[in-house]
Every structure is written in C-alpha cells, then in structure tokens.
Amino acid sequence: MVPEFGQMALVIALVLSLIQASLPLAGTYKGVAVWIDLARPIARTQTLFMVLAFAALTYSFLVHDFSVRYVASNSNTALPTIYLVSGVWGAHEGSLLLWALTLSIWTTAVTLFSRSVPRETVAQVVAVMGMVSVGFLLFMILTSNPFDRLPNPPLEGRDLNPLLQDPGLAIHPPMLYMGYVGFSVAFAFAIAAMLGGRMDAAWARWSRPWTNIAWVFLTLGIVLGSWWAYYELGWGGWWFWDPVENASFLPWLVGTALIHSLAVTEKRGAFKAWTVLLAIFAFSLSLLGTFLVRSGVLTSVHAFATDPERGIFILIFLCVVIGGSLLLYSWRASQIRSTVTFDLVSRESGLLMNNVVLVVTTASILLGTLYPLILDALGVGKISVGPPYFNAVFVPLTIPLAVMLGVGASLRWKRDDAGRVLSHLKWPLVLSLVGGVLFPLLLLPSFSWGAALGMVLFFWITLTTLLWLKQRGGAQGLRHGLVATGRGGWGMVVGHLGVAVFIVGITLTSIYSTEKDVRLAPGEQYTLGGYDFLFKGVRRFNGPNFTASGGVVEVSFEGKKITTLFPEKRDYRSGMPMTEAGIDAGITRDLFVALGEELDDSGAWSLRLYHKPFIRWIWLGGLMMALGGLLAASDRRYFRFQGGDVGGGG
C-alpha cells in the first residue's frame, strides 16, 4: 500500500504543479486577487505531497520492500541503515525525486520568506517554479517512476553502488541539488521581472539572498564531492575534470558571476540585461548538468548511465526552458537596458571584468566538456579532452581574476582616479611580490616560480582585503573597520580570503606532492617525503555487507612514530572492489596510503604512497568561500521582520 500511496502523492503533486504554474499567473494578468493569493497555499500543499512521496520511498527502503523495482535494484537486507536512507537518491529515479522535492522546498521557502515582495511578483515567481516542477514530475512519472512494481519480487535485493556507500556521498547529492535547484529562484525572479515589466533594481534585491544561499549549497556540494573523490577513489587527487564534475562547476562559475552582477544591479541599477542573462544561464547550466548525468551520454563514477531516450526528454525540456527564456528576454530587451554610466576606472568596470573572465572560463570548460560528445553524436569520431586542456585554459584565466579581487575592492563606484588606486595599492603589491618569492625560497623544499606566483596571489588577495577593512575604519583604522563592517562586508572578506587559501592549496599540492607505487612485504619499509612507511601486514575481516583486507602501515618521521594507517581493500556483495585509503591529515600535509593487490604467497602487497603538502587548504578555502556567501546572504539589508515573517526586501 505504501508504494501506491507514494505514486498517488506524485500524481497529486503534478496536478497541483499544473495549477501552481497557471492560475496565479493568469490572476496577475486578469487582476483576479483570489487567483493571485492562491499561489502560496498551492505551493505549500504541493510541497506536502512531494514530502509524502519521498517519505513513502524512504519507508520502502527501510522495510526492504523488494516489490518496488527501484528498492530491489539498489538495496539489500545487509545494507546499513544510513545507506538505506541515502539509497533513496542513490540512482536515477530516486535522485530525480530528490530533485523535484528540492524544487518544491525552495518554492515553499519563497512563499514563506518573501512577505515584503509584492504579491503579484511572488505569484509570478511561484508560477515559473511550478512550470519547472511540471516538467520534472512529468519526466519522472512517464519515464522514471521510482514506485514501479515487480510482478515477482525477489527474496533479496541487489546492492547500492559501493561508491555511494560512504557518509560523504550520503550528504553530497542533497547539497549539490540544493545548489542546482536553488538557482531556479533567481531564474524565476528574472522571468517574473520580465513578465511584469518591472526591470528596476527591486528584483535584484529580492533575488540576491536566494542566489547567495543557492551558491553556498553548490559550493559545499562541490567541496564534499572533491573531498570524497580524494579519500574514496584511492588515486590521491582532488579534481580530475571529469565531465560530471564539470557539470557542477559550470553553474558555480556563472553563479559566482551572478552574485557579483546582482550587487551592481541592486546598488547602481547597472548591468540589468547582463544580470538577467546570467540568471537564465546559471539555471540552464544546472539543467544541463542534470541532462549530462542522467541521459546516458556520459560514463563516469558520478553519472547514472540510463536509457538515452530519457535524455531526449530532458534535452527537449532544456531547449524549452532556455529557448522560452531567451525569447522573453528578446521581447523585453528594450526595457532591460541600463541608462547608468560609469568610467573605465570604477568598481563597476572591475566587477564587469570579473564577470567577463568568469563567463569566458565557463565557455572554455563547456567547450572542452561538450566537444567530444558532439563529435561522437555526429559520428565524426571519438576524442578525449582531459586535464591538460582544462588546466591550460583554467589557470591563465584565473590569474587575472585573482588580481582583480584585490583591485576591485579598492575602486570607488561610478568614477575613480587611476593614480589614487595605484598609490593605494603600492605597498600591498610590493609586499606580495617580496613575500611570494621569499616563502618558497625559505620555507619550501625547493624554489619554484609556479609556487612563487601562487604565493604572490595569496599575499595580494590577503593584504588588499585587510586594506579594504582598514578603509572601512576610516581615520580610526583597521580595528574600527573590523567592528564597523556589516555581515555583507564580512561575507566579501571571508569569501575572498577563502579564494586566497584555495590558491595556496592548489599551487603547493600540485607542485610539491610526491607519490610512489611500491611492493612491500611485512616488515619492509619505504621512505617518501622524509617519512618512513613500515608495512606490518594485512588482516582479513568482514563488514556488514562486504569482506575486506586491511593493511597496517606505521609511519615515522626522523625515527619517531607519528601514526598508524589502516588502508583497506573491500569486496562488496555486488562483486565490485573498493579502496578505502589510510590518511593521516594535517594542516600542512597529508600522508596517504592506498592498498593494492596481493602479489605473492610471501605476503607482499602493492601499495601506493602519497605525501600531499597543503592539500587540506583546498577544502578549507572552499568552506571559507561558502561561509562568506552565507554571511552575505544573512545581511540585515535583505531581511526585516514583519509580525514574525522575514521579508525579502529591505
């Protein structure tokens, strides 16, 4: 009965989405107040039925209802409870249900926390999000129903993909989806502004905190995914430019441009057309990511390889969303133009350069991701575009971006003097150059110009950010600036410092990491990066749904034992082997051991050893960026309390 209830809840949610997409929108054009006011209760009721459908599928997993095809294909009775729950979104059908649920949650949040937004605008926003919901619910019910039943249920299910049997992957997809789908709010506000002909700064102010929050979730999702790939896949890397990794990175880049562009549109009334386009493209790239992951065109450790016919449905939906949005944009183009002027040397110009670099970077990565797929689809041939291309494109484009982070914060709105800016930034530039060269020269194993460049950028962003804080304090200096800066300002400070920390992590771990594949028998050791790795042997044991070989490796430095690592090789019931690395984490280095295969009867095994300097700074920088976005989203300018409700304006 529970699966039938879940199926019914999905159908009711679809009907409510159809009403949500049409009635409030019709009310805004016909002036029928009752229809407009129905937007909020309909959206909340639709969310209720989505929650019920999701709960029904979760319950089916927990009670091992193998009459449900999706449950039987992705779980078994030996699976731990945490993975029974995460198994709900562990494959195609369930992940789509999570996508639709997340969209309904965002829609309800808009209805709850936008009391100061005109009700007509809220009705239009809710209607646009309802249209998106209709598309995904139709796709799910017609081609990817998670409640499909088996005529002859098996006594035991298969297994959840072992790659997903990890706590990091249990929370990674929900975080990523909250970011993906969260950009639908900025998209809906932009479409609503064009539908209503209200292309002033108000829509930017209303959508800005929502965009920041979505960007925070997407940042956390990407950071979690990178961290998982590092410790779970056993190859010691943190980013491989996998097409599915790129699918999440592309909307993040455009989303970063969007949050900066929204700031200019809100404060100065400039970049109106540009900001609308970015809102459209950020959500469109989120949909493109969904298409890439679920269409079957990709083979990846992250992708759900499924029937390509499903991909055609998503591709058509993607064309409708992008095409319809751009048609509406072209219709309203004359009303979107900004009349605000600014000089070449101004904060507006700095932010515009920031946006241009981010969009060019996005286009370059998109080309490298889609080009092999397009050639394959046309039957021209198969090619592979890998890390060398992406690194060659990404690194040179991000250097000017890092430089602009320091310059932009020191520029004034509308008009500034180049001489004043150069004088202002003279000492940060000198100190950055000196510190950047001395750091690898004195503190790192060997000097590298690449390391020097990375450290120059780190010091540059850090010093110019501190200088901005000092400016905020006026004559009273840095101490007063620390107190006088609001949460929005602190969001910028923490976010930019996160970029600086991120640059250090990428630079130093890329240049100074060492690795070695070795053959070790019990009692033998190998020295890497000044650390002695002593192999003690392997023990066999059973887990809840796997058998494992667990290695024991003692690590010493200058004769003193510092840790013992326990890398594992697991064989799951599905027959898929998995590597669980042994990692000793530190703020300045990680020691990483992956267990390979048994080589002979003497007990010798192949092991992969890594010494990874400063790799934790990559994820620390990402977390700092996310914290910066959260602080910016919580700025009091965007929130005011009205009888217990939080307003979107202010």
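On a predicted model such as this, the values are computed, not experimentally measured, just so you know.

The number of helices and strands found in the chain is 20 helices and 12 strands. Taking 2.2 N^0.38 as the reference for a compact globule, 650 residues should give roughly 26 Å; the C-alpha atoms of the chain span a radius of gyration of 26 Å, in line with that estimate. The dimensions of the chain, computed from C-alpha atoms along their principal axes, are 85 × 75 × 55 Å. For the chain, buried positions account for 57% of its 650 residues. Considering only contacts within the chain whose residues lie at least 6 apart along the sequence, 72% involve residues at least 24 apart. Carbon and sulfur atoms make up 66% of the accessible area of the chain, which amounts to about 26600 Å² in all. Charge centroids of the chain, computed over 46 positive and 38 negative side chains, lie 14 Å from each other.

The next subject is unusual backbone geometry. At histidine 64, a position not held by glycine, the phi torsion is positive, near 55 degrees. Looking at the element boundaries, histidine 64 is found in the loop between helix H3 (39-62) and helix H4 (69-74). Owing to a relative accessible area of 24%, histidine 64 belongs among the partly exposed residues under this scheme. One non-glycine residue, phenylalanine 614, lies in the positive phi region at around 60 degrees. For phenylalanine 614, the position within the fold is in the loop between strand S10 (605-613) and helix H20 (616-633).

Here we come to the packing of aromatic side chains. Geometrically, a pair of aromatic rings is defined through the distance of the ring centres and the angle of the planes. Evaluated as defined, the whole model comprises 28 aromatic pairs. Ring centres of tryptophan 106 and tryptophan 210 lie 6.2 Å apart, and the angle between their planes is 65 degrees; this geometry places the pair in the edge-to-face category. One end of the pair, tryptophan 106, is in helix H6 (residues 92-112); the other, tryptophan 210, is in helix H9 (residues 202-232), and 104 residues separate them in sequence. The same class applies to tryptophan 106 as to tryptophan 210, namely buried.

Okay, the pattern of salt bridges next. According to the stated counting rule, one finds 17 salt bridges in the structure shown. In this structure, aspartate 37 and arginine 119 form a salt bridge, with 3.0 Å as the shortest nitrogen-oxygen distance. In this pair, aspartate 37 sits in helix H2 (residues 33-37) while arginine 119 sits in helix H7 (residues 119-143), placing the two residues 82 residues apart along the sequence. A relative accessible area of 36% means that arginine 119 is categorised as partly exposed. Each of the salt bridges in this network shares a partner with another, and the network as a whole consists of Asp37, Arg119 and Glu120.

Right, let's get into the sheet that holds strand S9 (residues 589-598). Strand pairing in a sheet is mediated by backbone hydrogen bonds. Such pairs are either parallel or antiparallel. Pairing is antiparallel across the open sheet formed by 4 strands, whose spatial order is S1-S10-S9-S8. Each edge of the open sheet carries a strand with a single partner, namely strand S1 (514-520) and strand S8 (582-584). The mean angle between the axes of side-by-side strands here comes to 15 degrees, regardless of whether they run parallel or antiparallel. Two elements, S1 and S10, share 7 bridges in a ladder whose sense is antiparallel. If you follow leucine 520 over to S10, its bridge partner there is tryptophan 605. Sitting on the sheet, helix H19 (residues 487-512) touches S1 and S10, and the angle it makes with S10 is about 135 degrees.

Once that is clear, we can look at the environment of valine 223. In this fold, valine 223 is placed in helix H9. Taking the C-alpha atoms as reference points, valine 223 and phenylalanine 566, 343 residues apart in sequence, are found 24 Å from one another. What valine 223 contacts, discounting residues up to four positions off in sequence, is Trp619, Gly622 and Leu623.

Proteins that are soluble and globular tend to have nonpolar side chains buried together. Core analysis: the biggest nonpolar cluster contains 139 residues, and Trp99, Met194, Trp203 and Val276 have the highest contact counts within it. Top element by residues in this core is helix H8 (residues 167-196). It accounts for 18 residues. Membership of the second largest hydrophobic core comes to 25 residues, among which are Leu405, Leu425, Leu467 and Met624.

What follows concerns the environment of leucine 220. Examined against the element boundaries, leucine 220 turns out to sit in helix H9. Here leucine 220 falls in the partly exposed class, since its relative accessible area comes to 21%. Beyond its immediate stretch of four places on either side in the chain, leucine 220 contacts Met175, Leu623 and Ala626.

In the predicted model, the chain carries a mean pLDDT of 89, and 95% of its residues have values of at least 70. Taken as a whole, residues 641-650 scores under 50 in pLDDT and shows 36 contacts with residues more than four places along the chain or in a different chain.

All right, on to the domain arrangement of the chain then. How big an interface is tends to be stated in terms of accessible area lost as the parts join. Domain annotation of the chain identifies domain 1 (1-165), domain 2 (176-407), domain 3 (408-508) and domain 4 (514-614). Summarising the inter-unit geometry, the C-alpha centres of domain 2 and domain 4 are found 39 Å apart. Contacts between domain 2 and domain 4 engage 6 residues on the former and 11 residues on the latter. Surface buried jointly by domain 2 and domain 4 totals about 730 Å² across both partners, of which 48% is contributed by carbon and sulfur atoms. If you sort the residues of domain 2 by the area they bury against domain 4, Tyr230, Glu232 and Gly234 come out on top, with a joint share of 62%. Counting every contact that joins domain 2 to domain 4 gives 0 salt bridges. The tally of links between domain 2 and domain 4 comes to 1 residue pair in polar contact (both at pLDDT 80 or more). Split by residue class, the side of domain 2 that touches domain 4 holds 3 nonpolar, 2 polar and 1 charged.

Moving on: the pairing of strand S7 (residues 577-580). Across 4 bridges, strand S6 (residues 568-572) lies against S7 in antiparallel orientation. Its bridge partner being in S7, glutamate 568 is matched across the sheet by glutamate 580. Connecting S6 to the next strand, S7, in antiparallel fashion are 4 residues, including glycine 575 with a positive phi near 90 degrees.

A word on the side chain of threonine 464. Note on placement: threonine 464 falls in helix H17 (residues 449-472). Note on threonine 464: relative accessible area 2%, which makes it buried. If we skip the residues at most four places from it in the chain, threonine 464 touches Gly406, Leu425 and Pro428.

With 24 residues, H3 should cover 34 Å at 1.5 Å per step; its first-to-last C-alpha distance of 35 Å lies within 8% of that length. Following H3 by one or two positions, histidine 64 has its phi on the positive side, about 55 degrees.

Rules used throughout
- As a convention, each chain's residues are numbered from 1 in the sequence order in which they are written.
- Since the coordinates come from a predicted model, pLDDT governs what is reported: local features require at least 70, and pairs of side-chain atoms require 80 or more to be given and counted, while whole-chain, interface and lining totals use all residues.
- The side-chain numbers reported here are obtained from all heavy atoms of the structure, hydrogens and water having been left aside.
- Each helix is a run of DSSP H or I of at least 4 residues and each strand a run of E of at least 2, with the numbering of both proceeding from the N terminus.
- Radius of gyration: over C-alpha atoms. The globule rule applied is 2.2 Å multiplied by the number of residues raised to the 0.38 power.
- Think of it in three bands: residues with accessible area under 20% of the maximum for their type are buried, residues over 50% are exposed, and the middle band is partly exposed, with areas taken using a 1.4 Å probe on protein chains only.
- Two residues form a contact once any of their heavy atoms are found within 4.5 Å.
- Exposure was quantified through the Shrake-Rupley algorithm and a 1.4 Å probe, taking into account, for residues, occlusion by the shown protein chains and nothing else.
- Here the positive residues are Lys and Arg and the negative ones are Asp and Glu; neither His nor the chain ends is included.
- For the purpose of locating charges, the reference atoms are NZ of Lys, CZ of Arg, CG of Asp and CD of Glu.
- Aromatic rings from Phe, Tyr and Trp, taking only the six-membered ring of Trp, are treated as a pair when their centres fall within 6.5 Å; an angle between ring planes under 30 degrees marks them as stacked, one over 60 as edge-to-face, and anything in between as tilted.
- The working definition used for a salt bridge is a side-chain nitrogen of Lys or Arg within 4 Å of a carboxyl oxygen of Asp or Glu.
- DSSP-based pairing: two strands are paired if at least 2 bridges between them are found.
- Fitted lines through C-alpha atoms give the axes, limited to the stretch in contact for helices. The angle between two N-to-C directions lies from 0 to 180 degrees.
- What is meant by a nonpolar core is a set of buried Ala, Val, Leu, Ile, Met, Phe, Trp, Tyr and Cys residues, joined one to another through side-chain atoms within 4.5 Å.
- One confidence number per residue, pLDDT, is output by the predictor and ranges from 0 to 100.
- Note that the domain bounds were set by an automatic or database domain assignment.
- By buried area we mean the combined loss of accessible area, with a 1.4 Å probe, across both parts when two parts are placed together.
- Whenever two N or O atoms come within 3.5 Å, that pair is a polar contact, provided that in protein one can donate a hydrogen and the other can accept it, and provided that, for residues adjacent in sequence, both atoms are side-chain atoms.
- Residues were grouped as follows: Ala, Val, Leu, Ile, Met, Phe, Trp, Tyr, Cys and Pro as nonpolar; Asp, Glu, Lys and Arg as charged; and all remaining residues, including Gly, as polar.
- For a helix, the expected span equals 1.5 Å multiplied by the residue count minus one.

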